[in-house]
Amino acid sequence: MPNRGARSLILFLTLATPAAAMAQAEVPADAPLSAIDWLSDSVATPAGLPLPAPGPASGVPAGDIAASGVPAGDIAASALPADVATLPLDAALPDTIGLISAAEAGLPADLWGTSPAADIARRLSAEPLEMLPEMGALLRRVLLARLDPPVDASADTSLFLARVDRLLQQGLLTEAAALLDRAPKDDPEIFRRAFDVALLTGAEDAACRTMRETPEISPTYPARIFCLARGGDWQAAALTLETAKALGILTEDEDHLLARFLDPELFEGIDPPRPPQRPTPLTYRLFEAIGEPQATSGLPIAFARADLRDTSGWRARLLAAERLALTGAVSGGDLFRLYRERRPAASGGVWDRAAAIQALDAALADGDTAGVATALAPAWAAMQEMQLERLFAEEFAHRLPRASLPPESRALAFRIGLMSTDFVAVATDHNPMSPDERYLVALARGLPANAPSTAPLPLAVRDGFVLQGVPPRYRQFVEDDRRGEGLLLAINEFSDGAFGDYVKVTEAIAYLRYLGLDTAARRAALELLVLERRG
């Protein structure tokens, strides 16, 4: 345990000193910028201030240091990164890092061709956050694949950072952590993201250890203070806070939050600081540590990961799982296990969705075809409400007794089946009862010429499968060996075209087929047609 008297004295001196004016180091014009605005300022920029040794030169009164009872040399050694010998990392370039091979992703290893990293990163950052499930799954394959690096990858990590940022935006923290774990630890912008992922996943002790053992990393004062405290060196953490205070580095809110974090008993009976509307992961963890956790519902989706812990209530875990399942950050199996965990104790919202899933489960378990017919439509509507139809299809399509259901329920079960991985078998086994169903059967079986329709969207989809060669909009990408940029544009424009620009749908489908992504094109087209409300 730390010397409580010394800690309290230092913190008292910190709070008694008049609040310094806000001082923010300007970001250099050429500094790397994140595509997301909630990363912690855990690593100092090249223009940041070094941590001075305690004493008169640091602006910290020598008497205050003496009052702490800790030798100044010990504090200096504790607050600075450990002085360890390091060897040059013989690791691969960040842009060669991936979790699946190019073949497993169904992509050519040389997808990026002659494209510069920054151009690919800009296109990746422009991708919409909401898209049909298959387009989202295809984009994740691009993000996670081991591909040949861009031509300038040795000097530009912008693509790797953009890949990680996209994963963070979608709450895919496990995947982001796996990429970051394989990357060089001495790159400040890479470490910055690794530190935040660690904060959000409960692995902050390992991140703090990396910070101490990597002299190339220059942590900011809040990150130093947090890590010193996590490591049990409360006295050094308190003196580092006093140093930052004397230098005018921290805002008043940061000062009070960190002081309360270091010694909450000193603030008994005092209202906690007001949480920011847009906290960083570090701020979020600090508020949690002082007993003032923030609700994650209004925060970026990555923060929802915290609500999946066993310490959270069932409702909080359900709501977090639904948010994360939308982006693939939670599997369908995990989501439906949560729906089935216990009997809903109330009605409305997530309780109704859990009840609808449990009612369908019960009818299927009893072999009650009439009960399945009654429960299917409400369960499907509940999943439509949250745009989780594809996960519902993967969970239930193979269990539905399609042949024995009444006509209306059979038609719904057929469409649900088209959203599953068994869409070809579902279409082959189905006896179409309408022109729309004949169209969908032909499309699912890869026979677009047999898919007659006069409606604009089905026609645009069919044309995308009939068109041969490279569509005009993508010809220059192929000629310039920038096929990967073309793929990112196709993912973007398919999602955009789903809202009415059907020429984009046609050309995006044709380009996906040109790249050998016929299955992805068919699944995306089927989703677009089955989920017409999104188009």
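Reading the values: rules and limits
- Residues numbered from 1 in each chain as written.
- Predicted model: local features only at pLDDT ≥ 70, side-chain atom pairs only at ≥ 80, totals over all residues.
- Heavy atoms only, no water.
- Phe/Tyr/Trp six-rings, centres within 6.5 Å; stacked < 30°, edge-to-face > 60°.
- Helix = DSSP H or I, 4+ residues; strand = E, 2+ residues; numbered from the N terminus.
- Buried < 20%, exposed > 50% of the residue type's maximum accessible area, 1.4 Å probe, protein only.
- Core = buried A, V, L, I, M, F, W, Y, C linked by side-chain atoms within 4.5 Å.
- Contact = heavy atoms within 4.5 Å.
- Salt bridge = Lys/Arg side-chain N within 4 Å of Asp/Glu carboxyl O.
- Expected span 1.5 Å × (residues − 1).
- Disulfide = S-S within 2.5 Å.

Peer 1: Can you walk me through the packing of aromatic side chains in this structure?
Peer 2: Summed over the entire model, instances satisfying the criterion amount to 13 aromatic pairs. Taking 5.9 Å as the distance between ring centres and 35 degrees as the angle between the ring planes, the aromatic pair formed by Phe 191 and Phe 195 counts as tilted. With Phe 191 and Phe 195 both in helix 9 (residues 188-201), this residue pair falls four residues apart, about one helical turn. Like Phe 191, the residue Phe 195 is buried in the burial classification.

Peer 1: Can you walk me through the nonpolar core in this structure?
Peer 2: Generally speaking, a soluble globular protein has its nonpolar side chains buried in company with each other. If you look at the biggest cluster of nonpolar residues, it comprises 125 residues, and the most contacted ones within it are Phe 392, Val 461 and Leu 487. Apart from the residues lying within four places of it in its own chain, the contact partners of Phe 392 are Phe 336, Ile 357, Leu 360, Leu 376, Ala 379, Trp 380, Met 383, Ala 397 and Ile 416. Ranked by size, the runner-up nonpolar core spans 32 residues in total, among them Phe 191, Phe 195, Ala 198 and Ala 207.

Peer 1: Is there a simple way to explain the pattern of salt bridges in this structure?
Peer 2: Where side chains of opposite charge bring their charged atoms close, a pairing between them can arise. Taken as a whole and judged by the stated rule, the model has 36 salt bridges. Note that Arg 192 is salt-bridged to Asp 41, the shortest N-O span being 3.5 Å. On the criterion of sequence distance, the pair formed by Arg 192 in helix 9 and Asp 41 in the loop between helix 1 (4-16) and helix 2 (62-68) is long-range, its members being 151 residues apart. Taking the relative accessible area as the measure of exposure, Arg 192 reaches 14% and is therefore buried. Glu 341 is the partner of Arg 317 in a salt bridge, and the nearest nitrogen-oxygen pair spans 2.7 Å. Here the residue Arg 317 occupies a position in helix 15 (residues 314-326), and Glu 341 occupies one in the loop between helix 16 (332-339) and helix 17 (350-366), the gap between them amounting to 24 residues. Given a relative accessible area of 35%, Glu 341 falls into the partly exposed group. One network of salt bridges, with partners in common, ties together Glu 134, Arg 141, Arg 390, Glu 394, Arg 523 and Glu 527.

Peer 1: What is the right way to look at helix 15 in this model?
Peer 2: Compared with an ideal rise of 1.5 Å per residue, which puts 13 residues at 18 Å, helix 15 spans 19 Å between its outermost C-alpha atoms and is within 8% of the ideal. All of the buried residues along helix 15 are Trp 314, Arg 317, Leu 318, Ala 320, Ala 321, Glu 322, Leu 324 and Ala 325. For helix 15, the secondary structure elements touched by its buried residues are helix 16, helix 17 and helix 19 (389-396). Where helix 15 ends, the next residue or the one after it, Gly 328, has phi of about 90 degrees, a positive value.

Peer 1: Teacher, can you tell me more about the state of the cysteines here?
Peer 2: Simply put, the disulfide is a covalent bond whose two ends are the sulfur atoms of two cysteines. Taken as a whole and assessed by the stated rule, the structure comprises one disulfide. With its sulfur 2.0 Å from that of its partner, Cys 208 forms a disulfide with Cys 227. Torsion about the S-S bond of the Cys 208 and Cys 227 cystine: about -75 degrees, corresponding to left-handed handedness. Placement of the pair is Cys 208 in helix 10 (residues 204-213) and Cys 227 in helix 11 (residues 221-230), with a sequence separation of 19 residues.

On their own, these measurements won't tell you what the molecule is for.
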